[in-house]
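Understanding the architecture of this molecule
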Amino acid sequence: MKKTISLVAALMMVSGVVAAHPFNEAFNEQRAMYGKGHSFTWNGQTYITDHPEEIAAAVVANAANATALLAAAKDQYTQVLAVDFGWTLTKNLLKSAGKALETGEFRKSMDLSAQAQYHSRMGIAQYHQSQAEWIMAVPE
Amino acid sequence: MKIIKSLLASASLALVASISQAATSGNTLATVDPEADRSAMQSYFQKRFPQVALSDYVNGIYALDAPSREQWQDIEEFPPYEFDIEAGEALFNKTFANGKSYADCFANGGIGIRQNFPRWDASQGKVVTLELAINQCRKANGEEALGWKKGKIAQISAYMAFTSRDNVFDVQIPNDKAKAAYLDGKQSFYARRGQLNMSCANCHIAGAYIKIRADLPGPTLGHVTHFPVFRSKWGELGTLQRRYGGCQKNVRGVPQKTQGEKFRNLEFFQTYMSNGLVVNGPGARK
């Protein structure tokens, strides 16, 4: 049985190579086509199409875990706002995650927090990528 | 739909690196050359749309798309911004409580000066847009600042633009600090942002005159010349930076601060690109 390797967060976070790296291209394509939880093979190894935040959220749904995930998502959101690259949907995702936590819908809250944290992480990656690559779009 | 959205968000990120234009254009204070940038921008559009006269870019998308131009010309027969110019003139001429007026704050009494904004203000060490100058004038004379995006400030700005029609844009970059602000604006213009991972340039350079759903984005060249605009979608007059915020929301990005440093620098860059074109604001747009 091939070893299944979870998506390595560090790989995704290296600024400037988020998109250009062939693995990320393969991952993004598989994720877009099949959504999360899908296995695919790349360079002889099997990977799943889960984001690191989804992997972190794949734990027991309880108040403690939901609270921790929401806190992490809010922290990430603060970071992306600090570099001015926030995405519009994130705030409402956090709000909904908070409401779900209050009403005891821990699984829902954790999933929403994971989504919000992903948005923020990608916004930060986008910021770094933009810093490095904006010049590529300037007409000569 | 979910797949399409995901593709937009992630695959477009993946494509950034493959854009093969660039990159002799300066991206540092030492290498950036605003005149070379302006020349390259104008040359790009002239090569792409050789049938369009450079001077016609002040009309935005209506310079490129004949059917839209026809509709717009019909609208311009009874301009929707006409009453706003009148209101702006009345506001402009109304004296402040201290007896002074806007005319006391601007060169030439504020008449026919739109083409010089935004300008680098050495004493403040920053780019000053026309709207910022209007509010600074108010504050200096003990009046409350107006909201930035619409209403009175847009009307005053519209009147000042109207008195400047046919004057040629002549934004100056007098020193390295101003050049740094220009470079910052240039970077903002080309930087992708938001969940849709799009930059100003995506729609208004490469995407100019290419349909996005039912709309045709206008070329960035000449963009600023007709602001403030009465936009049919708004049903009222709005400032250029109101539009900036709307664009950023459209790509699902949290908009940057209106009249904050980033937007002022962006306006500085974008206006410099249109140096040599004439003021034709206020305008009417879809």
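None of the values given here were measured: they were computed from a predicted structure.

A tally of regular secondary structure across chain B gives ten helices and five strands. Taking 2.2 N^0.38 as the reference for a compact globule, 286 residues should give roughly 19 Å; the C-alpha atoms of chain B span a radius of gyration of 19 Å, in line with that estimate. Along the first, second and third principal axes, the C-alpha set of chain B runs to 60 × 45 × 40 Å. Counting the 286 residues in chain B, one finds 46% classified as buried. Here the contacts in chain B between residues at least 6 apart in sequence split such that 73% fall between residues at least 24 apart.

Along the backbone of chain A there are six helices and three strands. Taken from N to C terminus, the helices and strands of chain A fall in the order β-α-α-β-β-α-α-α-α. Within chain A, the fraction of its 140 residues that count as buried is 39%.

When the parts of a complex come together, some accessible area is lost, and that lost area is often used as the size of the interface. Residues and elements named next belong to chain B. The domains assigned to chain B are domain 1 (32-77 + 173-285) and domain 2 (82-162). If you average the C-alpha positions of domain 1 and of domain 2, the two centres end up 22 Å apart. At the junction of the two partners, domain 1 supplies 24 residues and domain 2 supplies 22 residues. Elements supplying a minimum of two residues to the side of domain 1 that touches domain 2: α7 (176-190), β4 (236-238), α9 (240-250) and α10 (261-273). No other element matches α10, which puts six residues into the side of domain 1 that touches domain 2. For the side of domain 1 that touches domain 2, the residue count by class is ten nonpolar, eight polar and six charged.

All right, on to the sheet that holds β4 of chain B then. Residue and element names in this part refer to chain B. Here we have three strands laid out as an open sheet, ordered β4-β3-β5, and mixed in their pairing. Every interior strand has two partners, whereas the edge strands, β4 and β5 (283-285), have only one. Sheet twist, expressed as the average angle between the axes of neighbouring strands with direction ignored, equals 35°. Pairing geometry for strand β3 (residues 229-231) and β5, over three bridges, is parallel. Bridged to Val229 within β5 is Gly283.

Let us look at the pairing of strand β2 (residues 39-42) of chain A. In the sheet, β2 of chain A pairs with strand β3 (residues 45-48) of chain A via four bridges, with the strands oriented antiparallel. Paired with Trp42 of chain A across the strands is Gln45 of chain A, a residue of β3 of chain A.

The subject of this paragraph is unusual backbone geometry. Cis geometry marks the peptide bond from Phe227 of chain B to Pro228 of chain B; its omega dihedral reads 0°. Here Pro228 of chain B is to be found in the loop between α8 (200-206) and β3. That bond from Gly281 of chain B to Pro282 of chain B is cis: its omega, -5°, falls within 30 degrees of zero. Residue placement: Pro282 of chain B occurs in the loop between α10 and β5. Notably, Asn43 of chain A is not glycine yet its phi reads approximately 50°, a positive angle. Note on placement: Asn43 of chain A falls in the loop between β2 and β3. We note that Asp84 of chain A has phi near 70°; this positive angle belongs to a residue other than glycine. Taking the C-beta count within 10 Å as the criterion, Asp84 of chain A has 17 such neighbours and is therefore assigned partly exposed.

What follows concerns the environment of Val224 of chain B. Residues and elements named next belong to chain B. Position of Val224 relative to the elements: it lies in the loop between α8 and β3. The class of Val224 is buried, set by 24 C-beta atoms lying within 10 Å. In sequence terms Val224 and Ser43 are 181 residues apart; their C-alpha atoms lie 18 Å from each other. Those residues in contact with Val224, other than ones at most four positions away along the chain, are Leu240, Glu267, Gln270, Thr271 and Ser274.

In terms of nonpolar packing, the biggest core is built from 69 residues, with Ala158 and Tyr182 of chain B touching the most fellow members. Among the elements that line this core, the one with the most residues is helix α6 (residues 152-162) of chain B, at eight residues. Not counting residues up to four positions away in its chain, the partners in contact with Tyr182 of chain B are Pro34, Ile173, Phe268, Phe269 and Tyr272 of chain B. In terms of nonpolar packing, the next biggest core, distinct from the first, is built from 22 residues, Leu69, Leu93, Ala114 and Tyr118 of chain A among them.

All names here are of chain A. With respect to the helices and strands, the residue His128 is situated in helix α6 (residues 106-133). The class of His128 is partly exposed, set by 17 C-beta atoms lying within 10 Å. As for His128 and Val83, which are separated by 45 residues in sequence, their C-alpha atoms are 9.3 Å apart.

Looking at chain A, the pLDDT average stands at 87 and 86% of residues meet or exceed 70. Every residue in residues 1-18 of chain A is under pLDDT 50, and counting partners more than four places away or in other chains gives 34 contacts.

For the rest of this paragraph, the subject is the packing of α7 of chain B against α10 of chain B. Residues and elements named next belong to chain B. At a minimum axis distance of 7 Å, the contact between α7 and α10 shows a crossing angle of 90°. Of the possible angle classes, the one that applies to α7 and α10 is roughly perpendicular. Residue-level inspection shows Ala181, Tyr182, Asp184, Gly185, Lys186, Ser188 and Phe189 of α7 in contact with α10, the latter providing Lys262, Asn265, Leu266, Phe268, Phe269, Gln270 and Tyr272. Tallied by class, residues from the contact of α7 with α10 come to seven nonpolar, four polar and three charged.

Criteria and cut-off values
The numbering scheme is per chain: residues are counted from 1 as the chain's sequence reads. Each chain is given a letter, starting from A, and each ligand a number, starting from 1, according to the order in which they appear as written. This being a predicted model, a pLDDT of at least 70 is required before a residue's local features are given, and a value of 80 or more before pairs of side-chain atoms are given or counted; all residues contribute to the totals for chains, interfaces and linings. Numbered from the N terminus, helices here are DSSP runs of H or I no shorter than four residues, and strands are runs of E no shorter than two. In this description the radius of gyration comes from C-alpha coordinates, and the expected globular size is given by 2.2 Å times residues to the power 0.38. Backbone-placed C-beta atoms define the burial measure: a residue is buried with 20 or more other C-beta atoms within 10 Å of its own, exposed with 12 or fewer, and partly exposed in between. This entry defines residue contacts through backbone-placed C-beta atoms, with two residues in contact when those atoms are within 7 Å. Each domain's limits were defined by an automated method or a database of domain assignments. Residue type decides the class: Asp, Glu, Lys and Arg count as charged, Ala, Val, Leu, Ile, Met, Phe, Trp, Tyr, Cys and Pro as nonpolar, and the leftover types, Gly among them, as polar. The pairing criterion is simple: DSSP has to find at least two bridges between the two strands. Where helices are involved, their axes are fitted lines through C-alpha atoms of the stretch in contact, as for all axes, and angles between N-to-C directions lie from 0 to 180°. Each nonpolar core comprises buried Ala, Val, Leu, Ile, Met, Phe, Trp, Tyr and Cys residues, the members being joined through C-beta atoms within 7 Å. Values of pLDDT, which run from 0 to 100, indicate the predictor's confidence residue by residue. The labels follow the angle: roughly parallel below 35 degrees, roughly antiparallel above 145, roughly perpendicular from 65 to 115, and oblique for the rest.

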